[in-house]
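So you can see what is in the structure, the chains are spelled out below.
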Amino acid sequence: MSAADPAKSGTFKGLKLTNTLTRQKEDFCAIDDSNVRLYVCGPTVYDFAHIGNARPAIVFDVLYRLLRHLYGAEHVTYARNITDVDDKINARALRDYPDMPLNEAIALVTKKTADQYQKDVAALGCFEPTVQPRATEHIDGMVKMIEQLIEKGHAYVAETPEGGEVLFDTVSMPNYGGLSKRKLDEQIAGARIAVDSHKKNPGDFVLWKLSSPEEPGWDSPWGRGRPGWHIECSVMSEHHLGKVFDIHGGGLDLIFPHHENEIAQSCCANGTKTMSNYWVHNGFVQVEGRKMSKSEGNFFTIHELLETENFGGRKWPGEVLRLAMLMTHYKEPIDFSVRKLEEAENILKKWADAHRAAEQQGVVPWKNSVGPSDFGPNGRQILELLCDDLNTSAAIARLSILSRQISGGNVEAARDFVDLVDLLGFDFVAFMQGYETSSEEHERIQGLINDRLEYLNAKNWAEADRIRDELASQGIALKDSKDSETGARVTTWELKR
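Predicted, not measured: the structure shown is a model, and the values here were computed from it.

A look at unusual backbone geometry
Argument step 1. Following F256, the chain continues to P257 via a peptide bond in cis, the omega torsion being 10°.
Argument step 2. Inspection of the secondary structure assignment puts P257 in helix α6 (residues 255-270).
Argument step 3. Phi is positive for R23, close to 60°, though the residue is something other than glycine.
Argument step 4. The residue L390 is not glycine, and still its phi comes out positive at about 55°.
Argument step 5. Within the secondary structure, L390 is located in the loop between α10 (377-387) and α11 (392-403).

So this is what it looks like as structure tokens:
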């Protein structure tokens, strides 16, 4: 490894991660234990984030929390970018604000979308990253890196019908394709890569493209234009984390071409053998057994799930969405379904009861201030599962077992449980607020239930069904049963968000 490539010289603290670069689970050793650095590709702010975007936000928030726990909060830097330069943004601005100057319309679209993203991921229990750079803040750095690539023979200016644009020469990098394991002669054009006659090679990709007078653009040696998608992350990650950092994360769909091209740009510009020591990717999300798409009608935004009744006929708490995403190992595909959300909700209600019992014993969370040795045997086992490539699914199962030990007065179990659910990012105060009713509301609901029971006893099914449907529309689910001794009808109710 050259002097420009920092070694993994930190201490192994028990964390193992599957590295896409090697296709193996590896011990995680930081470059510098005093400054562990994580970069994750964030949103392109042209539309509200969908549930597929929620998964990396949640997965890498758990990794961020775990790194803070292992190394200390002050020793971890987490950068998640915001892409606010993109042709999809331009198209959305033209669609939504056709009578407005394009730059003003773009500003409205990006602000509205970025603000909503911040609200959405906060509702999912995600910490705010250390830094959230915007592409538009780093245009000068992008121009500089492109100049370096041209000087070193890794990029060229090509003439197009619209004028000149700068392309990366994929053949100039002998090990191009190392992350995705694709050979150049086997590659076909991927997302955002156009195969045109002005390219030296079909896989060459855009670093800088010219802008029309109506499009957003910045001055450069190659004319007024805007950066390609891939160069943005190379420059933002280097600016905030250095030429080589510890972990780069994102969804599986970003391995090629985006992350492959980031590596090419960064390594060729900086003369390094790597850009990030560990590459971590989460699996895809499908909905009710089908690939998520707008044409299928199963495309749901985080905002819709939180604030509307478009999925399963009800709103869903952010804590439920978070747990549902963590019940499947991050590398595996996830089937996002109403049944899974209901399962997560039931687990959380039991956990909330256990958390309340722990609070009654005087237990409060440590907020990332203790080490693994401060856990009891059960707590250490769960922490080991989290350190084993973020095995949240197994950790959640063990937490449910641990939660059942609290009601018997097991203070050690209570301490471990409270600490670990806090580490996973669950706020039970916020969660339970959505299920609590005032005494007046409780009386109103019970009055309607009593009226319904009278209608049932009188065999007035229509009126009984009307009350049931009225309560259901308010998120109140009824459950009918019979008293085991008297045989009388009994109705219980539960408030669902």
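What about the sheet that holds strand β9 (residues 245-251)?
Argument step 1. Spatial strand order, β4-β3-β9-β10: four strands in an open sheet with parallel pairing. Strands with a single pairing partner mark the edges of an open sheet, and in this sheet they are β4 (76-80) and β10 (276-282). Ignoring which end each strand starts from, the neighbouring axes of this sheet average 20° apart.
Argument step 2. Relative to β4, strand β3 (residues 36-40) is paired through five bridges, and the arrangement is parallel. Considered in β4, the bridge of Y39 is made with A79.
Argument step 3. Helix α5 (residues 229-241) contacts β3, β4 and β9 of the sheet and is inclined by roughly 160° relative to β3.

Re the side chain of Q265
Argument step 1. Along the chain, Q265 turns up in helix α6.
Argument step 2. If we ignore the near neighbours within four places in the chain, the residues touching Q265 are M145, L149, F168, F205, L207, H230, I231 and S234.

A short note on the sheet that holds strand β11 (residues 285-287)
Argument step 1. The three strands are arranged β12-β11-β13 in an open sheet whose pairing can be described as mixed. Whereas interior strands pair on both sides, the edge strands pair on one side only; in this sheet they are β12 (290-291) and β13 (334-336).
Argument step 2. Bridging between β11 and β13 involves three bridges; their strand directions are parallel. Within β13, the residue paired with Q286 across the bridge is D335.
Argument step 3. Packing of helix α1 (residues 51-71) onto the sheet brings it into contact with β11 and β13, and relative to β11 it is tilted by some 140°.

Looking at the packing of α5 against α6
Argument step 1. Closest axis-to-axis distance for the α5/α6 pair is 8 Å, and the angle between their directions is 55°. Considered as vectors, α5 and α6 are oriented oblique to each other. In this structure, α5 crosses over α6, and the sense of that crossing is right-handed. For the pair α5 and α6, contact is made by W229, H230, I231, C233, S234 and E238 and by P257, H258, N261, E262, Q265, S266 and N270, respectively.
Argument step 2. Its residues assigned to classes, the contact of α5 with α6 shows four nonpolar, seven polar and two charged.

A few points about the environment of G52
Argument step 1. The topology assignment puts G52 in helix α1.
Argument step 2. For G52, a relative accessible area of 18% puts it in the buried group.
Argument step 3. Between the alpha carbons of G52 and F299 there is a distance of 9.2 Å; along the sequence they are 247 residues apart.

Remarks on helix α15 (residues 461-473)
Argument step 1. The first and last C-alpha atoms of α15 sit 18 Å apart over 13 residues, in line with the 18 Å expected at 1.5 Å per residue.
Argument step 2. For α15, the set of buried residues is A464, I467 and L471. One side of α15 holds all its buried residues, which, seen down the axis, span an arc of 65°. Residues of α15 that are exposed and angled more than 90 degrees away from the buried face: A462 and S473.
Argument step 3. Looking one or two residues past α15, G475 carries a phi angle of roughly 80°, positive in sign.

A short note on the nonpolar core
Argument step 1. In terms of nonpolar packing, the biggest core is built from 85 residues, with F28 and W351 touching the most fellow members.
Argument step 2. Looking at this core, the element that brings in the most residues is α1, giving 13 residues.
Argument step 3. Among residues more than four places away in sequence, those in contact with F28 are T11, F12, K13, L15, K16, L17, V36, L67, Y71, D246, I247 and Y278.
Argument step 4. L207, W208, V235 and C268 belong to the second largest nonpolar core, which has 39 residues in total.

Looking at the pattern of salt bridges
It is possible for side chains of opposite charge to pair when their charged atoms get near one another.
Argument step 1. Following the criterion strictly, the structure yields 21 salt bridges and no others.
Argument step 2. One salt bridge in this structure joins E26 and K8, with 3.4 Å as the shortest N-O distance. On the criterion of sequence distance, the pair formed by E26 in strand β2 (residues 24-27) and K8 in the segment before β1 (16-19) is long-range, its members being 18 residues apart.
Argument step 3. Accessibility expressed as a relative area gives 37% for K8, which makes it partly exposed.
Argument step 4. In this structure, D84 and R134 form a salt bridge, with 3.5 Å as the shortest nitrogen-oxygen distance.

A closer look at the environment of L108
Argument step 1. Inspection of the secondary structure assignment puts L108 in helix α3 (residues 102-123).
Argument step 2. A residue is classified by how much of its surface remains accessible, and L108, at 39% relative accessible area, is partly exposed.
Argument step 3. Discounting chain neighbours no more than four positions away, the residues touching L108 are Y97 and M100.

What about the pairing of β2?
Argument step 1. Bridge analysis of β1 against β2 gives four bridges, and the strand direction is antiparallel. Note on β2: the bridge partner recorded for N19 is Q24.
Argument step 2. The hairpin turn running from β1 into β2, its antiparallel successor, is four residues long, and R23 in that turn takes a positive phi close to 60°.

A short note on the environment of I51
Argument step 1. Structurally, I51 can be placed in helix α1.
Argument step 2. Among the residues examined, I51 registers a relative accessible area of 1% and is labelled buried.
Argument step 3. Filtering out sequence-adjacent residues up to four positions away, I51 remains in contact with V285, V287, M292, F300, I302, L305, M325 and F336.

So, the packing of aromatic side chains
Argument step 1. One pass over the structure, following the stated rule, counts 11 aromatic pairs.
Argument step 2. Taken together through their ring pairs, the aromatic side chains of F28, Y71 and Y278 make up a single cluster.
Argument step 3. Across from the ring centre of Y156, 4.6 Å away, lies the NZ or CZ of K200, which sits over that ring.
Argument step 4. Above the face of the W316 ring, R314 is positioned so that its terminal group lies 3.9 Å from the ring centre.

Quick notes on the rules
- The numbers attached to residues start from 1 for each chain and follow its sequence in the written order.
- Totals for whole chains, interfaces and linings use every residue, but because this is a predicted model, local features are given only for residues with pLDDT of at least 70 and side-chain atom pairs only at 80 or more, for both listing and counting.
- Each side-chain value is derived from all of the structure's non-hydrogen atoms; neither hydrogens nor water enter the calculation.
- Helix and strand definitions follow DSSP, with helices as H or I runs of at least four residues and strands as E runs of at least two, each counted in order from the N terminus.
- Strand pairing is assigned whenever DSSP detects at least two bridges linking the two strands.
- Here an angle of 0 to 180 degrees is reported between the N-to-C directions of two axes, which are lines fitted to C-alpha atoms, with helices fitted over the stretch in contact.
- Here, two residues are considered to be in contact whenever any of their heavy atoms come within 4.5 Å of each other.
- The scheme is simple: roughly parallel for angles under 35 degrees, roughly antiparallel for over 145, roughly perpendicular for 65 to 115, oblique for anything else.
- The sense of a crossing depends on the near helix, which, turned anticlockwise from the far helix by less than a right angle, makes the crossing left-handed and, turned clockwise, makes it right-handed.
- Note that Gly is not counted as nonpolar here; it falls among the polar residues with everything else outside the nonpolar set of Ala, Val, Leu, Ile, Met, Phe, Trp, Tyr, Cys and Pro and the charged set of Asp, Glu, Lys and Arg.
- Exposure categories follow from relative accessible area, calculated using a 1.4 Å probe and restricted to protein chains: below 20% of the type maximum is buried, above 50% is exposed, and the middle band is partly exposed.
- By this rule, a helix spans an expected 1.5 Å times one less than how many residues it contains.
- Read the arc as the range of directions from the helix axis to the C-beta atoms.
- Among buried residues, those of type Ala, Val, Leu, Ile, Met, Phe, Trp, Tyr and Cys that are joined through side-chain atoms within 4.5 Å constitute a nonpolar core.
- Just to be clear on terms, a salt bridge is a Lys or Arg side-chain nitrogen sitting within 4 Å of an Asp or Glu carboxyl oxygen.
- Any two rings among Phe, Tyr and Trp, with Trp reduced to its six-membered ring, count as a pair given centres within 6.5 Å; such a pair is stacked if its planes are under 30 degrees apart, edge-to-face if over 60, and tilted if neither.
- For a lysine, the NZ atom is tested; for an arginine, the CZ atom; a charge sits over a ring if that atom is within 6 Å of the ring centre and within 35 degrees of the ring normal.

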